[in-house]
Amino acid sequence: MMSETAKDQNRLHDRECDALRAVEQARLAALAERNIAQASPLHAADFQLVTPVGMTLSRDQYLGAIAAGMLVYHVWKPGPIDVRLYGEAAALRYRSDMEVSFGTRHVPRTAYWHTDLYEKRNGTWQVVWSQATGIQPVT
C-alpha cells in the first residue's frame, strides 16, 4: 500500500508533467501563430534547434526566421506528449504532423518525431534543445 507521502509525491510529479505538456503546447501554438513575444520566453537564451535536415539554429536565428516569415508552420499538430522528469530537467517526446515552408522550400504535411529538453530556470520551464526527425514511410 502506498503511503500518503508517496501519493503526494506522485501527484506533484503528475502535475509537473502536465505543466510541461502545457508549456510545450503553448510554445508550439506561439510558433505556428508567429507570436514571437509569447514564444521567446519559452526558449532559453542558449536554445538550439536541430532541424530534420541536420541544420542547427540558435534561439535568435530560429525566432528571427519565424518573425521574418522565412520559416512558416502551416500545420503543427502534436500527438500525445510523453514526459520524463528529472528534477529541474525534463525530456519530452511526441509525434506530430507538420507542414512547413522555409524560404522558397515548401515541405508538405509530413509526420515527425520531436525530442525536446527542458530545464527549469528561475522557476520557469524553458526549452534548451529541440530536435525533429522526419518519419519516412516504410516501403
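Scroll up for the structure.
**As for the pairing of strand S7 (residues 124–134)**
Argument step 1. Direction of pairing for strand S1 (residues 43–50) relative to S7: parallel, over a ladder of four bridges. Pairing of Leu-49 across the sheet is with Ser-130, part of S7.
Argument step 2. The pairing of strand S6 (residues 105–121) with S7 spans 10 bridges and is classified as antiparallel. Bridged to His-114 within S7 is Ala-132.
Argument step 3. Here S6 folds back onto S7, and the loop between the two strands holds two residues, one of which, Asn-122, carries a positive phi near 50°.

**Considering unusual backbone geometry**
Glycine aside, a negative phi is what most residues show, and trans is what most peptide bonds show.
Argument step 1. Residue Arg-34 is not a glycine yet carries a positive backbone phi of 60°.
Argument step 2. With respect to the element layout, Arg-34 can be found in the loop between helix H1 (4–32) and helix H2 (36–39).
Argument step 3. One non-glycine residue, Asn-122, lies in positive phi territory at about 50°.
Argument step 4. On the secondary structure map, Asn-122 appears in the loop between S6 and S7.

**Structural notes on the nonpolar core**
Argument step 1. Core analysis: the biggest nonpolar cluster contains 31 residues, and Leu-20, Leu-31, Tyr-62, Tyr-73 and Trp-76 have the highest contact counts within it.
Argument step 2. Elements with a minimum of two residues in this core: H1, S1, helix H3 (59–67), strand S3 (71–78), strand S4 (82–86), strand S5 (89–102), S6 and S7.
Argument step 3. If you tally residues by element for this core, the top one is H1, at six residues.
Argument step 4. For Trp-76, the contacting residues outside a window of four places in its chain are Leu-28, Leu-31, Tyr-62, Tyr-94, Ser-96, Asp-97, Met-98 and His-114.

**Considerations on the packing of aromatic side chains**
Argument step 1. Inspection of every chain in the model, using the stated rule, returns two aromatic pairs.
Argument step 2. Relative to Trp-76, the ring of Tyr-73 lies with its centre 4.4 Å away and its plane at 40°, an arrangement referred to as tilted.
Argument step 3. When its relative accessible area of 9% is taken as the criterion, Tyr-73 is described as buried.

Conventions adopted
- Residues numbered from 1 in each chain as written.
- Predicted model: local features only at pLDDT ≥ 70, side-chain atom pairs only at ≥ 80, totals over all residues.
- Heavy atoms only, no water.
- Pairing = 2+ DSSP bridges.
- Helix = DSSP H or I, 4+ residues; strand = E, 2+ residues; numbered from the N terminus.
- Core = buried A, V, L, I, M, F, W, Y, C linked by side-chain atoms within 4.5 Å.
- Buried < 20%, exposed > 50% of the residue type's maximum accessible area, 1.4 Å probe, protein only.
- Contact = heavy atoms within 4.5 Å.
- Phe/Tyr/Trp six-rings, centres within 6.5 Å; stacked < 30°, edge-to-face > 60°.

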